[in-house]
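Commentary on secondary and tertiary structure
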Amino acid sequence: MRHIAIVGSGPAGYYTAEAALKQWKDGVRVDIFDSSPVPFGLIRTGVAPDHQSIKSVARRYETTALSKNVRFVGNVLVGRDITIDELRGLYDGVVLATGAPNDRKLGLPGEDLPNVYGSAAFVGWYNGHPQFAELHPDFSHDTAVIVGNGNVALDVARILAKSGEEFEGSDIVAHALASLQAARIRRIVILGRRGPHQVTMTPKELGELAKLARACPRVDPADLPPLAEDAGLDPGMRKTMGHLRSFAAAETSANDNGRDGAAEIACPGREIAIEFDFFAAPRAILGTDRVEGVEIERTRLADGKAVGTGETYHIPAGIVIACIGYQTSRIPDVPYDEQGGRFANVEGRIMSGLYCVGWARRGPTGTIGTNRPDGFAIVEKIDADLGAWGEAGSGKMGRSGFEALAAQRGIDYVKFTEWQKIDEAEVANARAGAPREKIVEVDRMIAKAHPSVQES
Ligand code: NAP
């Protein structure tokens, strides 16, 4: 029998478990550890609450989770409750699928001022991540600045711009919905340090901005490269450019309308502007007691890189959200690649018996589906490394060894069937039309999972 521990129950973790079942069938036992009492990681706390179709992939993970050979072990923090060396002693292969839950820093003066957030914190806040439930962002100013030109920047802009009705059917948490509905934001500026051809936004997500009930996306036509230059782009990027060009065309027609009254108005009645400010690198966050604005330097491209032109300006703003990428959390005794913000690894191998997959391996890039081949590839590597033992495995204890250790240490872990009780409670508590109302306090989650524990 082979015993595999996967650390992290997000997409990378479940795809690895699925691959392990395919590879070894009844010859494997998989334990999926998570620091949270609830599974699915990024699907629950990263994917936007109004993107329910993306979240539905969790049903596929549920099929894997309910296999008799797979077990969820929630509410266990590896590195605190159990060390990596202990896990390596118990399991034939330990796969770190811990994602990249921490914000990269801008490294700018003023970054620590109140109401400046990284996207992990801000997205975590509206998605009900217990760590960020008490963020209390202030939306009383009319301008928000978002830094970054990726899909997370789009998620954040869309969430800031949506009306209450547009959240129907989403699982945005009640505290965020109430706060956003009272927001006074009328201008959302998305800063890109490079140009339109360098964005990492995908067309479907960018196109959503054009369909918002009360917001209008705007691009300065002067920022666009000549149309002929789009020909060399890959098809997805060409579609992305199509959207940016249509936002710019709407801008032109709106301006024409202002001049001669002849052209169609671009966004009639939409009171929120989402402005793309390209070739714009933030240089400082301004303010004394809280953020009051952003100092920006105009850039130009040199060999694909943004270089400052020396021209600066500033945008008054009451909230800044940096959507500039993420880093993997460190685990004691696991080598870390500082530059990449992930575990140091060679094609997923960290050291004997220790592996990594997904964002913990390659950094925060790619879609959820990218993790599937990643999971299958790591299982092939583990199979090759275990080759010497074959079907018999190494004789390690696996889950029975963990159970003994958990009993000895009093680790109050949560099983998948116990998560299902939390799930039921969340579904039962949903507002009309919503799939669930997430529980955002860990002690309340545990109380639902283990009803013998008093709810505080
Ligand atoms: P991303 O696509 O890597 O975008 C990060 C952005 O931040 C880039 O525009 C980057 O500019 C900019 N940036 C980095 N450091 C900066 C700095 N110091 N100052 C100014 N700008 C800076 O990352 P992401 O948006 O966080 O998304 C992560 C992954 O999740 C991506 O693969 C994304 O597609 C995926 N995702 C997908 C969806 C979806 O499919 N619906 C939703 C959300 C996220 P440069 O290019 O110049 O470095």
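Placed above this text is the structure.
Throughout what follows, the structure given in this document is the object of discussion. (Residues numbered from 1 in each chain as written. Predicted model: local features only at pLDDT ≥ 70, side-chain atom pairs only at ≥ 80, totals over all residues. Heavy atoms only, no water.)

**Remarks on the pairing of strand β1 (residues 2-7)**
By the criterion of burial, β1 is predominantly enclosed, with 6 of the 6 residues buried. Residues R2, I4 and I6 line one face of β1 and the alternating positions H3, A5 and V7 line the opposite face, and both faces are buried. With 6 bridges connecting them, β1 and strand β2 (residues 28-33) associate as parallel partners. For H3, the partnering residue across the bridge sits in β2 and is R29. Read from β1 through helix α1 (residues 11-24) to β2, the crossover connection turns out right-handed. Pairing of β1 with strand β4 (residues 93-96), which is carried by 4 bridges, proceeds in the parallel orientation. Residue I6 lies in a different strand from β4, and its bridge partner there is V95. (Buried < 20%, exposed > 50% of the residue type's maximum accessible area, 1.4 Å probe, protein only. Helix = DSSP H or I, 4+ residues; strand = E, 2+ residues; numbered from the N terminus. Pairing = 2+ DSSP bridges. Right-handed = clockwise from strand over helix to strand, strands pointing away.)

**With respect to the site of the ligand**
Around the ligand, 21 residues are found, and the nearest of them are N149, R193, R194, T200 and G366. Between the ligand and N151, the relevant distance is 3.0 Å, taken from an oxygen atom to a side-chain nitrogen or oxygen of the residue. At a separation of 2.9 Å, an oxygen atom of the ligand approaches a polar backbone atom of G366. With the chains in place, 80% of the 920 Å² that the ligand exposes on its own is no longer accessible. Among the elements that make up the shell around the ligand, the one with the highest residue count is helix α7 (residues 151-161) (3 residues). Split into classes, the residues belonging to the shell around the ligand amount to 8 nonpolar, 8 polar and 5 charged. (Near = heavy atom within 4 Å. Polar contact = N/O pair within 3.5 Å; in protein donor to acceptor, adjacent residues only side chain to side chain. Areas by Shrake-Rupley, 256 points an atom, 1.4 Å probe, with all protein chains shown as cover. Nonpolar A, V, L, I, M, F, W, Y, C, P; charged D, E, K, R; others polar.)

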